[in-house]
Amino acid sequence: MADGHSFFRNVLSSMEQVYLNRNPTANTILELVRSTDDNRICYDHLAYRTFGVNGHGIESMSKLFLDFGYTEREELRFPKKKLRALWFSPPSVGNEGSGSGVYGPLPRIFISELLVDQMSPEAQEIIRKYTQLSGAGHEHSAVSSALGCLTWPKPSHLEFQQLARESEYAAWTLVNGYAVNHVTISAHRLRPPLNNINNLDHFIQEKGFKLNSEGGVLKVSPDGLLLQSSTVADSVPFEFSDGVKEAVPCSYIEFAQRLVLPQYKDLPQDKVEEVHRRDGFEVGNADKIFESTSKDQLTRAA
Ligand code: OOG
Ligand code: NI
């Protein structure tokens, strides 16, 4: 994909704008990192959540990316959470960009889906009701994400609570729909000292932001080469269909540092590119990062 293909980047930019407007923590952190670093911020990946039922799952959101040159990569499974995910890599040609964020190197894409068939009959009933009410909404997930509106009507407070008891992921998706779940700052592409994720984490915590502590703040893949951490999601006011007003979890921001693969360890620093680094995702890390929108993390003392 040539960079002249700015339609695609403009779609990403609208999705990003919705995310920044709704999530003050993410917005402030991006500004802080950008200003301290006076560098361009590169996104490692963007993430979305979906309901895996009748076309509303991963494929509803992946279409945009496949149409603009992305490649489907590995599947990740989370049996306890009743989730699965796929990730997609950007086109290798013309993906560098000249700007920051969505106008920089194109990010990987991480899309997950709830395995709706495995939920209780009560939960399935709620999910099937709203996905049916959305009609052909799933064909227009990118529009929904870029506009920041749901493709189905707002649920009642009771329905939200019922889902949340069984799956916080399901409840999140019911009220946030196709909104960007998080963007991830590529830590290794920042300037020192913030190119080290531990320094970045300390910097963020010193500024008073709470990081997801599930299984420890820093999530490390078994090979030691993929390091990830994330904030706890912001809450936003939400008015349910029955008039109840309550804050619901919205989105968070993540940091990822990809270390150089062993076979490239002797490359001079200035010759190291993204392709020489650990690619992909890790079930063990992801399982804990999902908790960034959980009640446990949101209500935990800093
Ligand atoms: C996704 C959590 C997993 C990663 O990078 O492994 C993840 C989510 O919360 O929807 O972001
Ligand atoms: Ni992520």
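Residues numbered from 1 in each chain as written. Chains lettered and ligands numbered in written order. Predicted model: local features only at pLDDT ≥ 70, side-chain atom pairs only at ≥ 80, totals over all residues. Heavy atoms only, no water.

### Remarks on the packing of aromatic side chains
At step 1: Taken as a whole and judged by the stated rule, the model has 15 aromatic pairs.
At step 2: An angle of 45° between the planes, with centres 5.9 Å apart, marks the rings of F7 and F68 as tilted. Separated by 61 residues along the polypeptide, F7 in helix α1 (residues 6-22) and F68 in the loop between α3 (58-67) and β2 (71-78) bring together distant segments of the chain.
At step 3: For F7, a relative accessible area of 52% translates into the label exposed.
At step 4: For the pair Y169 and F290, a centre-to-centre distance of 6.0 Å together with 65° between the ring planes defines the contact as edge-to-face. (Phe/Tyr/Trp six-rings, centres within 6.5 Å; stacked < 30°, edge-to-face > 60°. Helix = DSSP H or I, 4+ residues; strand = E, 2+ residues; numbered from the N terminus. Buried < 20%, exposed > 50% of the residue type's maximum accessible area, 1.4 Å probe, protein only.)

### Section: the site of ligand 1
At step 1: Inspection of the region around ligand 1 gives H45, R49, F110, N181, H182, Q228, Y252, E254, F281, A286, I289 and F290 as its neighbouring residues.
At step 2: The contact in question runs from an oxygen atom of ligand 1 to an N or O atom on the side chain of R49, over 2.7 Å.
At step 3: A distance of 2.9 Å separates an oxygen atom of ligand 1 from a polar side-chain atom of Q228.
At step 4: Notes on ligand 1: free accessible area 320 Å², of which the protein chains cover 100%.
At step 5: A molecule is said to occupy a pocket when more than half its atoms come within 2 Å of that pocket's grid points, and by this definition ligand 1 occupies the largest cavity. (Near = heavy atom within 4 Å. Polar contact = N/O pair within 3.5 Å; in protein donor to acceptor, adjacent residues only side chain to side chain. Areas by Shrake-Rupley, 256 points an atom, 1.4 Å probe, with all protein chains shown as cover. 1 Å grid on protein atoms, 1.4 Å probe; cavity = no way out; pocket = protein on both sides within 12 Å on 5 of 7 lines; lining within 4 Å. Sits in = over half its atoms within 2 Å of the grid points.)

### So, empty space enclosed by the protein
At step 1: With the rule as written, the count across this model stands at one cavity of 30 Å³ or more.
At step 2: Approximately 130 Å³ is the volume found for the largest cavity.
At step 3: Along the wall of the largest cavity there are 16 residues; nearest its centre are F110, H182, Y252, A286 and I289.
At step 4: Listed by contribution, the elements that provide at least two residues to the lining of the largest cavity are β1 (43-52), β4 (108-115), β10 (252-258) and α9 (283-289).
At step 5: At four residues, β1 tops the list of elements feeding residues into the lining of the largest cavity. (Points joined across faces, edges and corners; volume = space filled by probe spheres on them.)

### Some words on α1
At step 1: Here α1 is 17 residues long and its end C-alpha atoms lie 24 Å apart, about the 24 Å a rise of 1.5 Å per residue gives.
At step 2: Among all positions in α1, only F8, R9, V11, L12, S13, M15, E16, V18, Y19 and L20 are buried. (Expected span 1.5 Å × (residues − 1).)

### What about the pairing of strand β8 (residues 235-239)?
At step 1: Residues V236 and F238 line the buried face of β8, whereas the alternating positions S235, P237 and E239 sit on a face that is not buried.
At step 2: Judged from the five bridges that link them, β8 and strand β9 (residues 245-249) form a sheet pairing that is antiparallel. Of the residues in β9, the one forming a bridge with P237 is A247.
At step 3: From the end of β8 to the start of β9, which pair antiparallel, there are five residues, and G243 there has a positive phi angle of about 90°. (Pairing = 2+ DSSP bridges.)

### Some words on the layout of surface pockets
At step 1: Roughly 470 Å³ of volume is contained in the largest pocket.
At step 2: Lining the largest pocket are 21 residues; nearest its centre among them are P90, N95, R108, E274 and V275.
At step 3: Broken down by secondary-structure element, the contributors of at least two residues to the lining of the largest pocket are β1 and β3 (83-89).
At step 4: Here the lining of the largest pocket is composed, by residue class, of eight nonpolar, four polar and nine charged. (Nonpolar A, V, L, I, M, F, W, Y, C, P; charged D, E, K, R; others polar.)

### Some remarks on the coordination of the nickel ion (ligand 2)
At step 1: For the nickel ion (ligand 2), every protein donor is listed as H45 (NE2), H182 (NE2) and E254 (OE), and the spread of their distances is 2.0 to 2.2 Å.
At step 2: Between consecutive donor residues of the nickel ion (ligand 2), the sequence gaps follow H-x136-H-x71-E. Here H45 is found in strand β1, whereas its partner H182 is found in strand β5 (residues 182-186), with 137 residues between them in sequence. Comparing H45 with H182 shows no difference in burial state: the two are buried. (Donors = N, O, S within 2.8 Å, 3.2 Å for Na, K, Ca; no water.)

### With respect to the packing of helix α6 (residues 157-166) against helix α7 (residues 168-176)
At step 1: At a minimum axis separation of 5 Å, α6 and α7 run at an interaxial angle of 145°. Within the contact between the two elements, α6 uses F160, L163, A164 and E166 and α7 uses E168, A170, A171, L174 and V175.
At step 2: Its residues placed into classes, the contact of α6 with α7 shows seven nonpolar, no polar and two charged. (Axes fitted to C-alpha atoms, helices over the stretch in contact; angles between N-to-C directions. Contact = heavy atoms within 4.5 Å.)

### Side note on the pattern of salt bridges
At step 1: Taken as a whole, this structure holds 20 salt bridges when the rule is applied.
At step 2: Linking R108 and D279 is a salt bridge whose minimum nitrogen-to-oxygen distance equals 2.7 Å. Taken together, the residues R108 in strand β4 and D279 in the loop between β10 and α9 connect sequence positions 171 residues apart.
At step 3: What makes R108 buried here is its relative accessible area of 8%.
At step 4: Measuring nitrogen to oxygen at the nearest pair gives 3.7 Å for the salt bridge that ties D266 to K265.
At step 5: D266 gets classed as exposed once you look at its relative accessible area, which sits at 66%.
At step 6: The exposure class of K265 is exposed, given its relative accessible area of 61%.
At step 7: One continuous salt-bridge network, built from bridges that share partners, spans R40, D44, R73, E96, R108, R189, R258, E274 and D279. (Salt bridge = Lys/Arg side-chain N within 4 Å of Asp/Glu carboxyl O.)

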